[in-house]
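Spelled out, the chains give:
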Amino acid sequence: MPKAKYDIIYQDIKRKIESGEFAFQELLPSENTMVTTYNCSRNTIRRAVSSLVTEGYVQTLHGKGVRNIFKPVEQNSFTLAGIESFKESALRNHRTAKTQVLCFVDDLVSDEKIEKRTGFPIGSELYYIQRLRYLDQKALIIDHNYFLKSVVTGLTADIAQNSIYDYLEQILNISIVTSKRTMTVERVTEIDEKYMELNGYNCMAVISSQTYNDDGVMFEFTQSRHRPDYFCFQDTATRK
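Treat the numbers as computed from the prediction; the structure is a model and nothing was measured.

Next up on the list: the overall build of the protein chain. Scanning the protein chain for helices and strands turns up eight helices and ten strands. Taken across its 240 residues, the protein chain has 42% of its residues classed as buried. Sequence-distant contacts, at least 24 apart, represent 61% of the contacts inside the protein chain between residues at least 6 apart.

This is the structure:
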């Protein structure tokens, strides 16, 4: 599925901000300049800028323009407001990513325990996947994924090792729209201790998410368990 024009522009401006081409606190090129640069309408530019505002990269200043307010952090930064794949997050943080599939189950049926944990109704046919995530050769994240088989058809371990979101969007043409998330701090589990480099930590930063497509169907539940010293979770809040 080809990307919309505004998304291409959004990605290009975002890349220039993250690379330092647009310096922190600097005003971005004017709307007129960007219309000429990207050969598009003002509404297209405004939509791209709106996405950057939502993610906390820029701030619009009435009568002045758009200011870059993005400041990199030393730790790997994962957003709570946006929906990113692991590969996309690693690329944005300038890290080398690798995924190892630890477990792939394609015949799981939701019971009371799974329903309580994930929100999938009893009787739902699911995939269950455990994936170990590496950044710069360090095992730092374990993901526990549940996917609804009626939506995520044809999923394989090879796809899970590469990028499930690429498969959903590029092959199945699924629109990933909304993700409801909860962040907690939890004690390490036996699985955490077995596979991860914990360096003495006895707790994990845990993000649990329920993700929906454009039909309002929850097709994914993921619990992502992070070693706490390597990650910074960012969000951008505005006062209404």
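Once the structure has been displayed, the description carries forward.
Where strand β1 (residues 58-61) lies against strand β2 (residues 65-68), four bridges are found, and the strand directions are antiparallel. Within β2, the position partnered with Leu61 by the bridge is Gly65. Hairpin connection from β1 to β2: three residues lie between these consecutive antiparallel strands, with Gly63 at a positive phi of about 80 degrees.

What follows covers helix α7 (residues 164-171). Since the α-helix turns once every 3.6 residues, residues separated by three or four places project in the same direction. All of the buried residues in α7 are Ile164, Tyr165, Tyr167 and Leu168. Across the axial projection of α7, the buried residues extend over an arc of 160 degrees, all falling on one side. Those residues of α7 that are buried lie in contact with β5 (125-135), β6 (138-148), α6 (157-162), β7 (176-187), β8 (203-213) and β9 (218-226). In the segment just after α7, Asn173 is the residue with positive phi, at about 55 degrees.

Turning our attention to unusual backbone geometry. Its identity is not glycine, yet Asn39 carries a phi of approximately 55 degrees, on the positive side. Examined against the element boundaries, Asn39 turns out to sit in the loop between α2 (31-38) and α3 (42-54). The class of Asn39 is exposed, set by a relative accessible area of 68%. Phi angles above zero are rare outside glycine, and Asn173 is one such case at about 55 degrees.

Turning our eyes to something else, we now look at α3. With 13 residues, α3 ought to run about 18 Å at 1.5 Å a step, and its terminal C-alpha atoms sit 18 Å apart, in line with that. Along α3, the residues that are buried comprise Thr44, Ile45, Ala48, Val49 and Leu52. Along α3, the residues classed as buried sweep out an arc of 130 degrees about the axis, all on the same side. Seen from the buried face of α3, the exposed residues on the opposite side, beyond 90 degrees, are Asn43 and Thr54. Turning to α3, the residues buried within the fold contact α1 (5-19), α2, β1 and β2.

Cut-offs applied
- Residues numbered from 1 in each chain as written.
- Predicted model: local features only at pLDDT ≥ 70, side-chain atom pairs only at ≥ 80, totals over all residues.
- Heavy atoms only, no water.
- Helix = DSSP H or I, 4+ residues; strand = E, 2+ residues; numbered from the N terminus.
- Buried < 20%, exposed > 50% of the residue type's maximum accessible area, 1.4 Å probe, protein only.
- Contact = heavy atoms within 4.5 Å.
- Pairing = 2+ DSSP bridges.
- Arc of directions from axis to C-beta.
- Expected span 1.5 Å × (residues − 1).

That is the geometry; function is a separate question.
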